[in-house]
Amino acid sequence: MRKYILKRILISIVILFFVAFIIYTLMRCLPTSYIERMARQKSMQPNSKSYEEWMEQLSAMYNMDKGIVVGFFTWLGNFFRGEFGDSWFFTVPVIDKFNEVVWLSFVMGLISFALEIVIAVPLGIVAATKQYSKTDYTISVIALAGISLPPFFFASLLKLVFSVKLRWFDLIGLVGRNYAQLDAWGQFWDKAHHLVLPIVTLVVISVGSLMRYTRTNMLEVLNADYIRTARAKGLSERKVIYHHAFRNTLIPLVTIIGGSLPGLFSGALITETLYAIPGIGYTSYQAMVQGDIPFSMFYLVFMAILTLAGNLIADILYAVVDPRVRIA
């Protein structure tokens, strides 16, 4: 197992190198950038330099006058030294801006993911054990509705009902009008209150696919020969389902859970935008639109690292949930 993990880590480092190079190349080839915008603005000032002169000066300041290969290795060296630079658009160190917005998205993603597991897995098992019953059809309809609902439509519907009609929640924002006058506990509950609708949106639009996935895999396991043997031995239906069948359903579920690690930090762009939540999803979108290469590079490479780590964790967990899986 140690050799396997070490081998996978080394392969992941090689993959990460090429992924980072591709990301850097794409960032350099964006049709617009912060440098071009600043050069255009400065050239319009009275008695200012020309646009070309400002472009040359700003490009040299931000190491954009170098070729893509040289620029990438310069960025890579700074990355290994922990020097991520300053965000061009937000005008603060990249790591400071990232820490400011990522944990809000992480809390939203973690809560929604936990609720998704708690809701989808049991309902998927119930639907599989009661195949073609009214319960199965009801759960399948709910799952398909969740899969089919676009995030912007469902979020707008929730805002219309609970914010406009019932006035239970504020329409947008992370804090209320009286946030500054509240004590620490009151501020905590004020933020929690504003996160209810975004979290509900994330849960509803994602729970359906996991529910269907659990049902499909559970049905495949329930039709296996060893399940019929367990029933023939006289074991209770509860023990057959939750002790024998569900343990084997965990293997494909581990793939989902391991692959969900990047999603906890990536944010939800559409949901955060609709509810005006200043999370990492909306912040990274602003950075990319404005041509903020330092922040975009750090965010995308960070997500690539999490993706590789999630795949490695999923492979290791295979041996944990199924003793038959062993890696020599």
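Residues numbered from 1 in each chain as written. Predicted model: local features only at pLDDT ≥ 70, side-chain atom pairs only at ≥ 80, totals over all residues. Heavy atoms only, no water.

A. Region of interest: unusual backbone geometry. Here Thr91, not a glycine, exhibits a phi torsion of approximately 55°, which is positive. With a relative accessible area of 59%, Thr91 lands in the exposed category. The phi dihedral of Tyr132 falls on the positive side, at around 65°, and the residue is not glycine. Residue position: Tyr132 is located in the loop between helix H5 (94-129) and helix H6 (134-148). (Buried < 20%, exposed > 50% of the residue type's maximum accessible area, 1.4 Å probe, protein only. Helix = DSSP H or I, 4+ residues; strand = E, 2+ residues; numbered from the N terminus.)

B. Spatial organisation of helix H8 (residues 184-194). For H8, the set of buried residues is Gly186, Asp190 and His194. Projection of H8 onto a plane perpendicular to its axis shows the buried side chains occupying an angular sector of 70°, all on one side. Counted as exposed and oriented over 90 degrees from the buried face of H8: Ala184 and Trp185. Buried residues in H8 make contact with helix H9 (196-222). (Arc of directions from axis to C-beta. Contact = heavy atoms within 4.5 Å.)

C. Broad picture of the environment of Glu56. Inspection of the secondary structure assignment puts Glu56 in helix H3 (residues 51-61). The spatial distance from the C-alpha of Glu56 to the C-alpha of Ile35 is 9.7 Å, given a sequence separation of 21 residues.

D. Just the side chain of Thr201, in detail. Structurally, the position occupied by Thr201 is in helix H9. Under the relative-accessibility criterion, Thr201 is labelled buried at 0%. Engagement of the side chain of Thr201 in a polar contact is seen with the side chain of Tyr275, the distance being 3.0 Å. Those residues in contact with Thr201 that lie beyond four places of it in its chain are Pro151, Phe154, Ala155, Leu158, Thr271 and Tyr275. (Polar contact = N/O pair within 3.5 Å; in protein donor to acceptor, adjacent residues only side chain to side chain.)

E. Quick peek at the environment of Leu264. In this structure, Leu264 sits in helix H12 (residues 261-266). Given a relative accessible area of 12%, Leu264 falls into the buried group. Along the sequence, Leu264 and Ala143 sit 121 residues apart, while their C-alpha atoms lie 22 Å from each other. Setting aside residues up to four positions removed in sequence, Leu264 forms contacts with Ser105, Phe106, Gly109, Leu110 and Phe113.

F. The packing of helix H1 (residues 2-28) against helix H4 (residues 68-80), seen in detail. Remark: H1 packs on H4, axes separated minimally by 10 Å, with the N-to-C direction vectors making an angle of 120°. Compared by their axis directions, H1 and H4 come out oblique. Taken as a pair, H1 and H4 cross one another with a handedness that is right-handed. Of H4, the residues touching H1 (which contributes Phe17, Ala20, Phe21, Tyr24, Thr25 and Arg28) are Ile68, Val69, Gly71, Phe72, Phe73, Trp75 and Leu76. (Axes fitted to C-alpha atoms, helices over the stretch in contact; angles between N-to-C directions. Parallel < 35°, antiparallel > 145°, perpendicular 65-115°, else oblique. Left-handed = near helix turned anticlockwise from the far one by under 90°.)

G. Just the nonpolar core, in detail. Counting 36 residues, the largest nonpolar core has Trp75, Phe98, Ile280, Phe295, Met297 and Val301 as the members making the most contacts within it. Where this core is concerned, the elements lending two or more residues are H1, helix H2 (34-43), H3, H4, H5, H12, helix H14 (280-289) and helix H15 (293-321). Of the residues forming this core, the biggest block, eight residues, is contributed by H15. With sequence-adjacent residues up to four places away left out, Ile280 is seen in contact with Phe98, Val101, Val102, Ser105, Phe265, Ser266, Gly267, Glu272, Phe295 and Tyr299. (Core = buried A, V, L, I, M, F, W, Y, C linked by side-chain atoms within 4.5 Å.)

H. Region of interest: the packing of helix H7 (residues 151-165) against H9. Between H7 and H9, whose axes approach to 10 Å, the crossing angle comes to 140°. Relative to H9, the element H7 lies oblique. Note on packing geometry: the crossing formed by H7 with H9 is right-handed. Residues Pro151, Phe154, Ala155, Leu158, Phe162 and Ser163 of H7 pack against Leu197, Val200, Thr201, Val204 and Ile205 of H9. Within the contact of H7 with H9, the residues separate by chemical class into nine nonpolar, two polar and no charged. (Nonpolar A, V, L, I, M, F, W, Y, C, P; charged D, E, K, R; others polar.)

I. Just the confidence of the model for the protein, in detail. Of all residues in the protein, 95% attain a pLDDT of 70 or more, and the chain-wide mean is 83. The weakest mean pLDDT in the protein belongs to H12 at 75; the strongest belongs to H5 at 90. (pLDDT = per-residue confidence, 0-100.)

J. Spatial organisation of the environment of Arg2. By the secondary structure assignment, Arg2 is in helix H1. When the C-alpha atoms of Arg2 and Ala143 are compared, they prove to be 40 Å apart, with 141 residues separating the residues in sequence.

K. Focus on the pattern of salt bridges. This model, assessed by the stated rule, comprises five salt bridges. With a shortest N-O distance of 2.7 Å, Arg231 and Glu237 are connected by a salt bridge. Owing to a relative accessible area of 35%, Arg231 belongs among the partly exposed residues under this scheme. Look at Glu237 and you get partly exposed, because its relative accessible area is 39%. (Salt bridge = Lys/Arg side-chain N within 4 Å of Asp/Glu carboxyl O.)

L. Representation of the packing of aromatic side chains. Taken as a whole and judged by the stated rule, the model has 22 aromatic pairs. Here Phe17 and Phe72 contribute two aromatic rings whose centre-to-centre distance is 5.6 Å and whose plane-to-plane angle is 70°, an arrangement assigned as edge-to-face. Residue Phe17 is found in helix H1, and its partner Phe72 is found in helix H4; the two are separated by 55 residues along the sequence. Overall, the relative accessible area of 0% leaves Phe72 in the buried class. Positioned over the ring face of Phe90 is Lys97, at 4.6 Å from the centre of the ring. Residue placement shows Lys159 over the ring face of Tyr275; its charged tip is 5.7 Å from the ring centre. (Phe/Tyr/Trp six-rings, centres within 6.5 Å; stacked < 30°, edge-to-face > 60°. Lys NZ or Arg CZ within 6 Å of the ring centre and 35° of its normal.)

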